[in-house]
Structures are given as C-alpha cells and as structure tokens.
Amino acid sequence: MAAGVAAWLPFARAAAIGWMPVASAPMPLAPREKRRAQDGFIILNVSGTKFQTWRSTLERYPDTLLGSTEKDFFFNEEINEYFFDRDPDIFRHILNFYRTGKLHYPRHECISAYDEELSFFGIIPEIIGDCCYEEYKDRRRENAERIQDDADDENNKEGVLPDMTLRQSMWRAFENPHTSTLALVFYYVTGFFIAVSVIANVVETVPCRASPGMIKDLPCGERYALAFFCLDTACVMIFTVEYLLRLIAAPSRYRFVRSVMSIIDVVAIMPYYIGLVMTDNEDVSGAFVTLRVFRVFRIFKFSRHSQGLRILGYTLKSCASELGFLLFSLTMAIIIFATVMFYAEKGSTASKFTSIPAAFWYTIVTMTTLGYGDMVPKTIVGKIVGSVCSLSGVLVIALPVPVIVSNFSRIYHQNQRADKRRAQKASKEAGQAFLNKTNLSFEKEHHHLLHCLEKTTNHKFVDEETYEKNCMEVSSVNPPGSHCSSISSQHGLTSTCCSRRNKKTFRLPNSSHAGSLQELSTIQIRERPLISNSRSSLNAKMEDTVQQNSEHPYVTAAIISIRTPPVTSPEGNNTSDSPDYSQRNIVKVSAL
Amino acid sequence: MVGGGSFEFEGLQTIGIVCLVCMFLKLMHLLGLINFTDEDSSESDLELSTVRHQPEGLDQLQAQTKFTKKELQSLYRGFKNECPSGLVDEETFKMIYSQFFPQGDATTYAHFLFNAFDIDRTGSIRFEDFVIGLSVLLRGSVHEKLKWAFNLYDINKDGYITKEEMLAIMKSIYDMMGNYTYPSVREDTPFEHVEKFFQKMDRNQDGVVTIDEFMETCQKDENIMSSMQLFENVI
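Basis of the calculations
Residues numbered from 1 in each chain as written. Chains lettered and ligands numbered in written order. Predicted model: local features only at pLDDT ≥ 70, side-chain atom pairs only at ≥ 80, totals over all residues. Heavy atoms only, no water. Helix = DSSP H or I, 4+ residues; strand = E, 2+ residues; numbered from the N terminus. Buried < 20%, exposed > 50% of the residue type's maximum accessible area, 1.4 Å probe, protein only. Contact = heavy atoms within 4.5 Å. Areas by Shrake-Rupley, 256 points an atom, 1.4 Å probe, with all protein chains shown as cover. Core = buried A, V, L, I, M, F, W, Y, C linked by side-chain atoms within 4.5 Å. Buried area = accessible area lost by both parts, 1.4 Å probe. Salt bridge = Lys/Arg side-chain N within 4 Å of Asp/Glu carboxyl O. Polar contact = N/O pair within 3.5 Å; in protein donor to acceptor, adjacent residues only side chain to side chain. UniProt positions renumbered as here; feature names shortened; annotations may be inferred. Axes fitted to C-alpha atoms, helices over the stretch in contact; angles between N-to-C directions. Parallel < 35°, antiparallel > 145°, perpendicular 65-115°, else oblique. Left-handed = near helix turned anticlockwise from the far one by under 90°. Nonpolar A, V, L, I, M, F, W, Y, C, P; charged D, E, K, R; others polar. Pairing = 2+ DSSP bridges.

With that out of the way, let us pick up the overall build of chain A. On a plain count of helices and strands, chain A comes out with 24 helices and seven strands. Within chain A, the proportion of its 592 residues that are buried is 43%. Nonlocal contacts in chain A, meaning residues at least 24 apart in sequence, comprise 67% of its contacts between residues at least 6 apart. When the accessible surface of chain A is totalled, it reaches about 31800 Å², and 62% of it is carbon and sulfur.

In this section: the nonpolar core. Among the nonpolar cores identified, the biggest contains 75 residues, and W19 of chain A together with Y97, F100, F101, M166 and F214 of chain B are the most heavily contacted of them. Excluding anything up to four places from it in sequence, F214 of chain B contacts P21 of chain A together with L146, A149, F150, Y153, F197, M201 and V209 of chain B. In this structure, V46, Y61, L103 and Y136 of chain A belong to the second largest nonpolar core, which totals 28 residues.

Let us now look at the interface of chain A and chain B. Every contact between the two is made by 78 residues of chain A and, on the other side, 69 residues of chain B. Interface area lost by chain A to chain B is led by W8, F11 and I17 of chain A, which between them contribute 12%. Our count for the chain A to chain B interface comes out at zero salt bridges. Connecting chain A to chain B are eight residue pairs in polar contact (both at pLDDT 80 or more). At the level of elements, α1 (3–15), α16 (380–398), α19 (440–457), β7 (460–461), α20 (464–472) and α22 (518–542) of chain A are the ones that each hand at least two residues to the side of chain A that touches chain B. No other element matches α1 of chain A, which puts 12 residues into the side of chain A that touches chain B.

What follows covers the UniProt feature "transmembrane region" (unreviewed entry) in chain A. Residue and element names in this part refer to chain A. Within the UniProt annotation, "transmembrane region" (unreviewed entry) is assigned to residues 182–203, 223–244, 256–278, 323–344, 356–372 and 384–405. Annotation note: span residues 182–203, helix share 100%, strand share 0%, distance between end C-alpha atoms 31 Å. From the first C-alpha to the last, residues 323–344 spans 31 Å; its make-up is 100% helix and 0% strand.

Residues and elements named next belong to chain B. The contact between helix α5 (residues 107–117) and helix α7 (residues 142–153) brings their axes to 9 Å, and the two run at 125°. The orientation of α5 with respect to α7, classified from their angle, is oblique. In this structure, the crossing between α5 and α7 has a hand that is right-handed. Residues Y109, F112, L113, A116 and F117 of α5 form the contact with α7, whose own contacting residues are W148, N151 and L152. Its residues assigned to classes, the contact of α5 with α7 shows seven nonpolar, one polar and no charged.

Adjacent strands of a sheet pair through backbone hydrogen bonds, lying either parallel or antiparallel. Residues and elements named next belong to chain A. The strand order across the open sheet built from four strands is β2-β1-β4-β3, with neighbouring strands paired in mixed fashion. The two strands at the open ends of the sheet, each matched to only one other strand, are β2 (49–54) and β3 (75–76). The pairing of β3 with strand β4 (residues 81–84) spans two bridges and is antiparallel. Residue pairing for β4: F75 is matched across the bridge by Y82.

UniProt annotation of "domain: EF-hand" (unreviewed entry) refers to residues 105–140, 141–176 and 189–224 of chain B when read in the numbering used here. In this annotation, residues 141–176 of chain B is assigned 72% helix and 8% strand; the end-to-end C-alpha distance for the span is 28 Å.

What follows covers the pattern of salt bridges. Applying the stated criterion across every chain yields a total of 23 salt bridges over all chains. Salt-bridge contacts for E126 of chain A lead to K137 of chain A; the nearest nitrogen and oxygen are separated by 3.9 Å. Here K137 of chain A lies in helix α5 (residues 130–157) and E126 of chain A lies in the loop between α4 (111–120) and α5, a separation of 11 residues in the sequence. Salt-bridge contacts for E90 of chain B lead to K94 of chain B; the nearest nitrogen and oxygen are separated by 3.6 Å. Placement of both E90 of chain B and K94 of chain B in helix α4 (residues 90–99) is noted, with a separation of four residues, approximately one turn of the helix. Each member of the salt-bridge network shares a partner with another, and the members are E242, R246, D265 and K301 of chain A.

Okay, structure coming up:
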C-alpha cells in the first residue's frame with residue numbers, strides 16, 4: 001500500500017465519529033492495537049554508503065528482503081548496522097521504492113545488473129512504474145535477443161558432433177553450406193541451375209528469327225521447343241531431388257512442409273509435372289500455359305542463397321501493419337478522388353471517365369505522378385480535382401519510404417504501444433499482487449472502519465455475485481445470507497480475512513477517482529476484491545448481530561454454521577467478543 | 001435548352017470551385033498557416049504552481065492541540081508525503097477519502113467532511129486545520145466531539161440541523177455503501193433513517209434540531225456515548 005493512503009487511514013477513522021450519532025446499530029470494537037514502539041531509524045550500509053530510513057518505511061513491503069526478517073542475516077553487530085555488499089547506486093532506487101511506492105528504472109544502468117539487484121532484494125520487476133516500464137521491457141527484450149543470437153551463433157559454430165546421424169548432418173549441410181565442401185558444391189550447383197532455369201524462362205519468350213519458310217517471328221521457346229524442354233526437365237529434376245533430400249533430412253517434416261521456402265520450391269516445380277500430366281488435354285492447355293507463370297517463383301529460391309533478400313523479407317513482414325495502413329489510406333484516397341473526378345467529368349462530352357472504376361486508373365496514374373495521359377480531365381472542376389489529386393499523391397506515395405527505410409522501428413513501437421501495454425498488463429497484475437502484501441494492522445483498521453459504516457447504515461457490504469444471488473433468490477426459501485456466509489467459511493479464514501484476494505474481479509463503481517493518481521488507482525483495483533471478500537467473511541461472523549433488522553427470518557440458520565471455522569487471528573477475539581456485545585445490546589438497538 | 005443546361009452546369013462548377021476553396025482554407029487553418037480568430041495558443045501551458053503553505057511552528061501547534069511533539073511530527077510527515085504543497089484542496093481530499101470506500105461513492109460525504117475541517121472556509125485544508133480537527137476527534141472531550149459532529153451535520157453552519165440537511169448527510173452516507181449491499185438500499189431508506197433521527201433528537205418537534213437538543217439526546221444514549229470513545233487510540 002502506498003505510504004500516502006496508509007497515512008490517511010487514521011484520519012478517515014477519526015472522521016468516522018461523524019457517523020456515531022446517526023448510527024442504527026452499535027459499533028464493533030476497534031481492533032486491538034499493539035502499542036507501537038516509537039518508530040526508529042534503521043541504518044543500511046551498502047558497500048560503505050550509508051542509507052538511513054525509518055523502520056516502518058521498510059516494513060511496508062513485508063515480502064521483500066528488507067521488509068522481512070531476512071535482513072537480520074545481514075546485521076553486523078560490530079558496526080550495529082545492516083551491511084550489504086552490493087551496488088550502492090542501484091540500491092538507491094530500491095530504497096526509493098520503499099519510500100515512494102514506485103520503482104524506477106535508471107536508463108544508464110545495465111539491465112542485467114539491475115535485474116540481479118532486484119532479485120537479490122526480492123523485488124519483482126513487474127512493479128516498475130509506468131514511467132519506466134516500457135523502457136525496461138524494451139531493454140530486457142533486446143538483451144534477451146542478443147543472448148539468444150549469441151547462443152545461436154555458438155550452436156552454429158559447433159564442430160560436427162561425432163554421433164550425429166546422417167540425417168542430421170545432411171540437414172546441417174543444407175542449412176549451412178559453409179560447413180563442408182560437399183555442401184558448398186551442392187549450394188553452388190543448385191544456385192547455378194536456378195539461374196539457368198530463370199534465364200531459360202526469360203529467353204523462351206524472345207522472338208527468334210523465323211525458321212526458313214515461316215513468315216512470322218516465333219518466340220524462341222517454340223522454335224527450339226525440344227531444347228528448352230530438355231533444359232526445363234533437367235532443372236526440375238535437380239529441384240525435385242533437392243526438395244526430396246531436404247524433406248528427408250528435415251528434423252520436423254511437418255514444419256518443413258509448412259515453411260515458406262518449401263512452398264516456393266513446390267510451386268516452382270509443380271507446373272512442370274502438371275504440364276506432363278495434362279499435355280493431351282486440349283481444353284486445359286490454356287490454363288497450363290498460365291501455370292508456367294509460376295515458374296518465375298524459382299527466382300525466390302535465390303533467397304536461400306542471399307542473406308539480404310531474407311532481411312528484406314523480414315523487414316517487410318515486420319512493418320506489415322504500416323504497409324497495410326498505407327495501402328488502406330491510399331485506397332481511400334483513390335476512391336475519393338475517383339468519385340469526385342467521375343462526377344466532375346460526367347458532363348463533358350466524350351469523357352473517358354465512363355465509370356468510377358474507370359476513374360481509378362486515372363487516379364492511380366496521377367497520384368503516383370506517372371501521368372500516362374491516356375485519360376485527361378476536360379472540365380475546370382476536373383482539372384482542379386486532378387491537380388489536388390496529383391499533389392496529394394506526391395505526399396501519400398512519398399510517405400512509406402522514410403517509414404520503412406529509416407524509422408520503421410520507431411513507428412512500429414509507436415503503433416504497438418497500446419497493444420504492448422495491454423499485453424504487459426497481465427504481468428503487471430502479478431506485480432500488483434506483490435505490492436499488495438500489505439500491513440496486517442492496516443487491513444484490520446480498514447475493515448473496522450468499513451464495519452462501522454455498515455453499522456451506521458444497518459446494511460452490509462456484499463460482493464456482486466452474492467448481491468445478484470440475493471436479488472434472484474429473494475422470494476425463494478433458500479436463505480441467501482447463509483449462502484454467502486457458508487461459502488466464505490468453506491474457503492477457510494486464514495490469518496488475514498482477505499483469503500480470496502485474487503479470485504474475484506470487480507468493476508469500478510465510479511470513475512471520478514479512477515486512475516488519476518497512479519499508485520492510488522492501482523491500489524483501488526486491488527482493494528475491491530480484498531474488501532468484498534473480507535466484507536462477506538466478516539459478515540459471516542457478524543451475522544448474529546443483525547438479526548433484528550433483517551427482513552429474512554432465515555438468517556438464524558447461518559449462525560450455527562459459522563461458529564465452527566477456526567480463526568487464529570485477532571479476528572477471532574472479535575468473534576468471541578461480539579456475541580457478548582450483541583447480547584448486551586440486542587435490547588437497546590430498537591431504541592433508535 | 002442548351003443554354004439552360006450549360007447554365008446549370010456552370011452553376012455546379014461554381015459551387016464546386018467555392019467548395020474547393022473553402023476546403024483549401026480549412027486545410028490551411030488546420031495546418032496552422034492561417035489563424036481565423038484571435039487565439040493565443042501556447043501561453044496556457046505555463047502555469048507556475050505557486051501555491052504552497054508552510055505550517056505554523058511546532059510549538060504553536062502543540063499549544064493549540066492536544067498532541068505531543070512526536071505525534072505532530074509523524075502526522076506532518078504523513079501529511080507532507082501525500083500533499084507536498086502543504087494544502088489539500090477539495091478534489092484531492094475527495095480522492096483520498098474515496099480510496100477507503102471502494103464500493104461506493106464517497107465524494108459527497110467527503111465534501112461535507114471537507115467543509116467541517118475547513119473551518120475558515122478558505123477552500124483548502126492546511127495542516128493546522130487538519131491537526132486541530134484531529135485533535136478534537138481523537139483527544140477531545142465527548143462534549144467537543146459531539147459539537148464537532150453537530151457542526152458536520154449543520155451544512156450551512158447556522159446552528160440548526162434541518163431535515164433537508166440531515167437528508168443530504170444521510171444520503172451521502174448511504175452512497176458510500178454502494179450498490180452491493182445486503183439488504184439493498186431502497187430509495188426511501190435514507191429518508192426513514194432521517195425520520196428516526198428526528199423523532200429521537202427533536203424534543204420540541206419544531207422540525208429543526210438545535211445544538212442543545214442534540215447534546216442532550218446524545219448524552220442520554222449509551223450507545224452513542226460509548227461509540228464516541230472508539231477511536232481514541234488511532235494515532
């Protein structure tokens with residue numbers, strides 16, 4: 001719990017005196033307060049740098065090293081201080097966490113050193129405040145990636161393990177051609193055949209000199225059909241053999257089949273086989289010709305040979321969302337301008353803008369500043385629109401280049417910030433749970449305060465589910481009161497009455513104070529389940545005192561079931577006190 | 001007809017041109033190149049928070065309240081931690097107080113509390129107000145505490161608690177309970193509660209409760225008297 005809110009609790013409790021004259025029911029007893037010894041100093045000696053703070057400051061977070069008795073292991077009697085042989089610069093931030101409730105990450109510190117200090121002092125990094133959390137996560141990710149890369153390099157540089165199977169060595173040879181001469185030879189041979197195949201595809205369509213006796217120029221593919229066919233067959237055979245070898249050698253065949261490169265391989269060789277199968281059928285020969293287009297995919301096989309291509313592909317993939325957005329905005333602009341253009345040019349005679357889709361072509365050509373001139377506006381409005389279109393086209397088209405080339409990383413983070421924060425929220429929740437291991441006495445006093453409010457108004461706090469149950473079962477015989485009390489008693493009341501801390505969620509009742517102070521709001525979110533559970537569990541014990549004003553006569557059944565749970569905390573004292581208290585006062589409550 | 005048609009068309013063209021020009025001007029304005037109105041844009045960002053308050057000396061406060069020096073010191077440390085400027089304004093006060101009642105809406109009651117603490121109606125609670133109020137609540141006599149409570153209920157501080165004032169207070173207390181209560185708070189629950197209160201307190205049935213009636217009734221009620229002692233050990 002942040003220092004602030006805890007400091008104001010005595011004030012809130014004192015102000016509760018304002019409820020006393022209007023209370024409908026007698027007040028519960030205050031929790032017994034240990035007469036706290038006056039807060040003393042504690043000196044922490046971190047490698048010679050002395051830090052001093054109040055003891056109560058450290059006790060705010062009892063789950064950490066400094067907040068618990070674990071620090072006694074570091075107590076040095078000679079100097080009468082707690083001595084830690086750690087980094088004093090980073091310790092400063094850790095101590096500030098106790099003081100202010102917020103953990104900050106200093107940008108100049110190394111991330112792994114900081115992490116080590118945090119884990120030594122028992123503080124989980126998820127509670128780093130929002131101001132520093134993103135930076136921390138980014139640095140951590142970079143570090144992890146760097147370590148991973150180093151590990152991968154190490155793995156790759158490994159010599160041949162003596163007990164590698166043929167299959168594994170084959171796979172290694174395929175993936176890293178530099179490992180052995182055979183692999184290198186294979187690598188170059190396939191590269192050569194890819195090049196040959198691509199060149200053959202290209203040359204096939206060039207018109208060769210017509211053979212004697214023919215008038216028209218034939219494309220070379222038809223003139224030397226046999227030669228090209230043989231070449232194609234040879235290439236496809238090599239590619240097929242390569243694909244099958246890779247398939248055999250792959251450690252995970254399923255994954256290999258699904259990978260991009262293997263799909264490209266398949267698409268590259270399929271047309272040939274389909275063509276073999278379908279040469280006799282005249283109807284589909286047209287489709288077969290189209291299939292040959294897919295042979296151009298063989299050029300993508302080069303990406304196995306070129307690191308640069310792979311990086312380009314990865315870059316495009318990683319800023320896919322920017323590209324997508326760009327495409328979307330372009331489409332919007334095209335549609336807008338095409339529509340305006342169409343309606344502007346509608347009146348002019350012999351207008352080429354016959355429809356809006358026809359105007360799309362004009363818009364695209366204008367926006368990319370190509371300006372073929374096959375479609376030109378004739379009206380004044382059309383010309384104005386056309387000029388605005390080309391001006392905006394320059395803007396819109398010129399945008400992606402700096403985005404992708406130089407700033408893709410920054411824009412990626414900017415666009416993803418909201419998503420990242422949402423994704424990080426889950427781990428932050430874990431951090432909040434850690435933060436809320438609070439002062440036991442604070443909890444007791446807070447519950448006492450809420451209990452006084454209940455007594456003043458003569459209504460009890462219940463949580464959302466119980467409330468809905470009550471609404472639904474108000475006419476049924478099943479006593480809703482005992483329902484919730486028996487549930488809470490079943491869960492077992494541990495030493496704090498907030499046993500079901502994390503299991504219930506609760507919506508914010510009002511938004512006026514939600515989120516304005518970061519620390520307070522995070523506490524608030526957590527407080528809800530605490531309070532709701534404790535309310536119902538306290539209710540379980542105090543049921544006996546509210547019979548007189550209950551409209552349901554069934555509440556009495558609840559008393560029998562709740563006397564039994566063994567409660568070892570001071571709450572237990574309350575339980576034993578309250579029946580007497582209630583007996584004493586049962587007569588008098590009706591006086592109001 | 002051709003003339004009419006072309007006139008129509010000319011009209012359309014003119015409208016189109018006018019529209020385009022307007023859009024262009026709007027775009028310029030959007031881009032900040034033209035300013036249509038007299039706007040001063042950026043001065044409002046510079047706001048010096050000059051409001052700061054230092055409390056009176058420790059000795060003076062000790063004389064005015066019933067706290068020991070050490071208690072005052074620890075109170076001030078907590079106060080200063082939460083409000084470094086030394087003043088609590090109503091919004092902050094409402095926010096802090098609402099933290100303790102997450103299930104309901106504590107802002108209305110916090111408003112009344114704020115007015116009860118802010119004795120000289122400055123609109124903000126200084127540390128002196130805070131500590132003087134606490135001194136009454138925690139170390140004062142029962143008579144003083146009851147007087148403080150009466151002051152809380154008497155919203156306009158005229159010395160009489162009317163039914164309307166009491167209803168407002170009661171509603172704000174029930175607001176703090178929130179929606180999820182057992183049994184549920186009905187519309188007229190606060191009203192009934194106020195009726196009960198007035199039946200008890202208003203001796204001469206004149207519709208208002210004066211301080212003497214209040215004191216008299218409270219001192220006769222054992223529950224109230226005992227509950228007044230409840231929070232003595234808070235600090």
